[in-house]
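A closer look at the structure
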Amino acid sequence: MATPYQERKVRDPAVNPGDQEYFDAAAEGKLMLKKCGDCGEVHHYPRALCPFCFSDKVSWVQAKGTGEIYTYSVTRRGGPVPYCIAYVTLDEGVKMMTNIVDTDLDTIKIGQRVKVVFKKSENGTSVPMFAPA
Amino acid sequence: MTIKGKAYIVGAYEHPLRKAPNHSVAQLHAEVAKGALEDAGLTKNDIDGYFCAGDAPGANVWSMANYMNLNQLRHVDSTDMGGCSYLVHVAHAAEAIAAGKCNVALITLAGRPNSEGSSGTQVRDRGVNLPDVPYEMPHSPVTVNLYAMCAMRHMYEYGTTSEQLAWVKVAASHHAQHNPSAMLKNVVTVEEVVNSPMISDPLHRLDCCVVSDGGGAVIVARPEIAKSLKRPGVKIIGTGETTKHQMGGKVDLSYTGAAWTGPRAFEQAGVKPGDIKYASIYDSFTITVVLQIEDLGFCKKGEGGKFVSDGNLISGTGKLPFNTDGGGLCNNHPANRGGMTKIIEAVRQLRGESHPKVQVPNCNLALAHGTGGAIGHRHGSATLIMERE
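Keep in mind that this is a model prediction, so the values were computed, not measured.

Another aspect to go through is the overall build of chain A. Looking only at helices and strands, one finds 1 helix and 8 strands in chain A. In sequence order, chain A lays out its α and β elements as α-β-β-β-β-β-β-β-β. Projected onto its principal axes, the C-alpha positions of chain A cover 50 × 30 × 25 Å. Taking all 133 residues of chain A together, 39% fall into the buried category. The contacts of chain A with a sequence gap of at least 6 include a subset with a gap of at least 24, amounting to 50%.

Written as structure tokens, this is what we have:
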């Protein structure tokens, strides 16, 4: 059995004030995280205040773009094509919700090493997803 | 302040319909309110506290208060915690009664997702201003895959199997065969569950709850009023509520908010998991039950799959009779929110009014636990412990 990856329509990110820089960097192939200048913690999704110490001294840092699959599920019903949703643990330590792409969806495993790739949403925004490293 | 013994559930009513295309949602809310009042032996004018959640038209109290013409309200609360809102409402009603803010609280739930074509594989619009939306919605999280990711992780960490999860559905179906209102009345086997179509790995169609119209209501009253009524007393003795989320990126899907609300409710009630005779456990999916049973302390973390196997949740044979109405998996999940029906079946059990084939003998202590939202990203949890008097 194999479930080849198929491109699908990706919803546009409905950005709020403060989100655009993340997607601007994504358009340049960079995955960004927010890091706190006070407590040093990295967090995701990015916020204006550190979710660990409430400091407003948070700034963008570029992630390496590599990590491993924490969990995943291949959704086979409901959409036009099967797709894989996942949480990936980045090497920086935070987990992010994403999709696993560009691989046979039936071969995906927890613990698998992955690297970031960028797929376009319907309006052309770059969205970070992950493929086997 | 403790609410232990400060309030009683005096009325409970579950709407008999599972598909209601010709009912308005407001009508369903009003019909369940009327049913619960008649069950309690109270009238509309006795209500001085009203509670509803996001399923109510307008998502707060004023439209339904207007429709039902509630004119004595001294306390209102439209806390929305998704499917567990109504367990939270019972706790808040008990607190309001204990604080002298109201005497008789009505809580209603109703909706028509079956008639409206709702499904757990649909990407739902979640509104504007939500901070998580730009980072999640492009990836198409839907109800079923958010729970499926928890199941996948549980299998990885603890060796839980699809067959073990299937036992949750099997037990629910054994109970549902005795409920004439249940949406799915056929008893199913483990094989039938694991051979049903895969929806989102590792959850099969029969790992998922039904989508039903309908609703339910309960009435909470102060002890003096409860004692003046003719119904058996159902005393509220312990509650817990919380929300669990992604923790700034330190996501941990191995446990739910029940790990926090359960111990608080047990401590307040002064009882232990082993004392509970009957448990209503939120069953949006089979994995939901396994996680919550562990988190509530009915077994050790990681051993939930083993615990639910071999009919251990079936009334009459198992150690922990659960969801004897057939639960959300077989009976009813009105408005995609299963918390109200969890309370109602626990009340039936404590009153000795469950179907004789599933009634737990001498059921004097019951727990109801609910989850709202999705444990795969953000969810509410609420625990309620009740005692027959």
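To continue, consider the overall build of chain B. When its secondary structure is counted, chain B shows 14 helices and 11 strands. In summary, chain B has a C-alpha radius of gyration of 19 Å against a globular reference of 21 Å for 389 residues, a match within 12%. Overall, chain B is about 55 × 50 × 40 Å in size when its C-alpha atoms are taken along their principal axes. Contacts in chain B between residues far apart in sequence, at least 24 positions, make up 77% of those at least 6 positions apart.

Here we take up the packing of helix H1 (residues 25-40) of chain B against helix H2 (residues 61-68) of chain B. All names here are of chain B. Direction vectors running N to C along H1 and H2 enclose 65 degrees, while the axes themselves pass 10 Å from each other. Relative to H2, H1 is oriented roughly perpendicular. Here H1 runs over H2; the crossing is right-handed. Here Ala-26, His-29, Ala-30 and Ala-33 of H1 come into contact with H2, specifically with Met-64, Tyr-67 and Met-68. Looking at the contact of H1 with H2 residue by residue, the class counts come to 6 nonpolar, 1 polar and no charged.

Glancing now at the interface of chain A and chain B. One frequent convention defines the size of an interface as the accessible area lost when the parts assemble. Chain A puts 34 residues into the contact, and the matching count from chain B is 31 residues. By residue number, the principal contributor to the side of chain A that touches chain B is strand S4 (residues 66-75) of chain A, which donates 6 residues. Tallied by class, residues from the side of chain A that touches chain B come to 18 nonpolar, 11 polar and 5 charged.

Quick look at H1 of chain B now. Think of an α-helix as turning once every 3.6 residues; residues three or four places apart then point the same way. Residues and elements named next belong to chain B. Between its first and last C-alpha atoms H1 spans 23 Å; for 16 residues at 1.5 Å apiece the expected length is 22 Å, and the two agree. Along H1, the residues classified as buried are Val-25, Leu-28, His-29, Ala-30, Glu-31, Val-32, Ala-33, Ala-36, Leu-37, Asp-39 and Ala-40. Just beyond H1, the residue with positive phi is Gly-41, at close to 85 degrees.

Time to look at the sheet that holds strand S2 (residues 42-43) of chain A. Residues and elements named next belong to chain A. Ordered in space as S2-S1-S3, the 3 strands form an open sheet in which the pairing is antiparallel. Edge positions in the open sheet fall to S2 and strand S3 (58-62), since each of these has one partner strand only. Where strand S1 (residues 32-36) lies against S3, 5 bridges are found, and the strand directions are antiparallel. Across the sheet, Lys-34 pairs through a bridge with Trp-60, a residue of S3.

Once that is clear, we can look at the pairing of strand S1 (residues 8-14) of chain B. Residues and elements named next belong to chain B. Buried residues dominate S1, accounting for 7 of its 7 residues. Sheet topology places S1 next to strand S8 (residues 234-244); 2 bridges connect them, and they run antiparallel. Across the sheet, the residue bridging to Ile-9 is Val-234, located in S8. Pairing of S1 with strand S7 (residues 214-221), which is carried by 6 bridges, proceeds in the antiparallel orientation. Pairing of Tyr-8 across the sheet is with Ala-221, part of S7.

Further remarks concern helix H10 (residues 258-269) of chain B. Residue and element names in this part refer to chain B. In this model H10 runs 16 Å from its N-terminal to its C-terminal C-alpha over 12 residues, within 8% of the 16 Å that 1.5 Å per residue would give. Those residues of H10 not exposed but buried are Ala-258, Thr-261, Gly-262, Ala-265, Phe-266 and Ala-269. The buried residues of H10 occupy one face: seen down the axis, they fall within an arc of 125 degrees. Of the residues trailing H10, Gly-270 is marked for its positive phi of about 75 degrees.

So, about the environment of Leu-291 of chain B. Residues and elements named next belong to chain B. Inspection of the secondary structure assignment puts Leu-291 in helix H11 (residues 286-295). You can call Leu-291 buried: it has 27 C-beta atoms within 10 Å. Separated by 15 residues in the primary sequence, Leu-291 and Lys-306 place their C-alpha atoms 12 Å from one another. Among residues more than four places away in sequence, those in contact with Leu-291 are Cys-150, His-154, Tyr-255, Thr-256, Gly-304 and Ile-375.

Next up on the list: the sheet that holds strand S4 (residues 104-111) of chain B. Residues and elements named next belong to chain B. Strands sit in the order S3-S2-S4-S7-S1-S8-S11-S10-S9 across an open sheet of 9 strands; the sheet is mixed. Whereas interior strands pair on both sides, the edge strands pair on one side only; in this sheet they are strand S3 (75-77) and strand S9 (278-281). Geometrically, the sheet is characterised by an average inter-axis angle of 20 degrees between neighbouring strands, direction not taken into account.

Attention now goes to the environment of Ser-115 of chain B. Positionally, Ser-115 of chain B belongs in helix H4 (residues 113-116). Beyond its immediate stretch of four places on either side in the chain, Ser-115 of chain B contacts Lys-19, Ala-20, Pro-21 and Asp-213 of chain B.

Among the nonpolar cores identified, the biggest contains 160 residues, and Val-90, Ile-219, Val-220 and Leu-384 of chain B are the most heavily contacted of them. Apart from the residues lying within four places of it in its own chain, the contact partners of Val-220 of chain B are Ala-7, Tyr-8, Ile-9, Val-90, Ala-93, Ala-94, Ile-97 and Ala-105 of chain B.

With that settled, the discussion passes to the packing of helix H3 (residues 85-98) of chain B against helix H14 (residues 339-351) of chain B. Residues and elements named next belong to chain B. The N-to-C vectors of H3 and H14 enclose an angle of 60 degrees; their axes lie 6 Å apart at closest approach. Judged by the angle between their axes, H3 and H14 are oblique. Along its contact with H3, which presents Ser-85, Tyr-86, Leu-87 and Val-90, the element H14 presents Gly-339, Met-340 and Ile-343.

Right, let's get into unusual backbone geometry. Of note, the bond from His-44 of chain A into Tyr-45 of chain A is cis; its omega dihedral lies within 30 degrees of zero at -10 degrees. As for its position among the elements, Tyr-45 of chain A is in the loop between S2 and S3. The step from Asp-201 of chain B to Pro-202 of chain B runs through a cis peptide bond, and the omega angle for that step is 0 degrees. Positionally, Pro-202 of chain B belongs in the loop between strand S5 (198-200) and strand S6 (203-204). A positive phi angle, near 70 degrees, is found at Phe-54 of chain A, a position not held by glycine. Of the residues examined, Phe-54 of chain A has 11 C-beta atoms within 10 Å and is grouped as exposed. The backbone of Asn-336 of chain B shows a phi angle near 60 degrees, a positive value even though the residue is not glycine. Mapped onto the elements, Asn-336 of chain B comes out in the loop between helix H13 (327-331) and H14.

Rules used throughout
Residues numbered from 1 in each chain as written. Chains lettered and ligands numbered in written order. Predicted model: local features only at pLDDT ≥ 70, side-chain atom pairs only at ≥ 80, totals over all residues. Helix = DSSP H or I, 4+ residues; strand = E, 2+ residues; numbered from the N terminus. Buried ≥ 20, exposed ≤ 12 C-beta atoms within 10 Å, placed from the backbone. Contact = placed C-beta atoms within 7 Å. Rg over C-alpha atoms; globule rule 2.2 N^0.38 Å. Axes fitted to C-alpha atoms, helices over the stretch in contact; angles between N-to-C directions. Parallel < 35°, antiparallel > 145°, perpendicular 65-115°, else oblique. Left-handed = near helix turned anticlockwise from the far one by under 90°. Nonpolar A, V, L, I, M, F, W, Y, C, P; charged D, E, K, R; others polar. Expected span 1.5 Å × (residues − 1). Pairing = 2+ DSSP bridges. Arc of directions from axis to C-beta. Core = buried A, V, L, I, M, F, W, Y, C linked by C-beta atoms within 7 Å.

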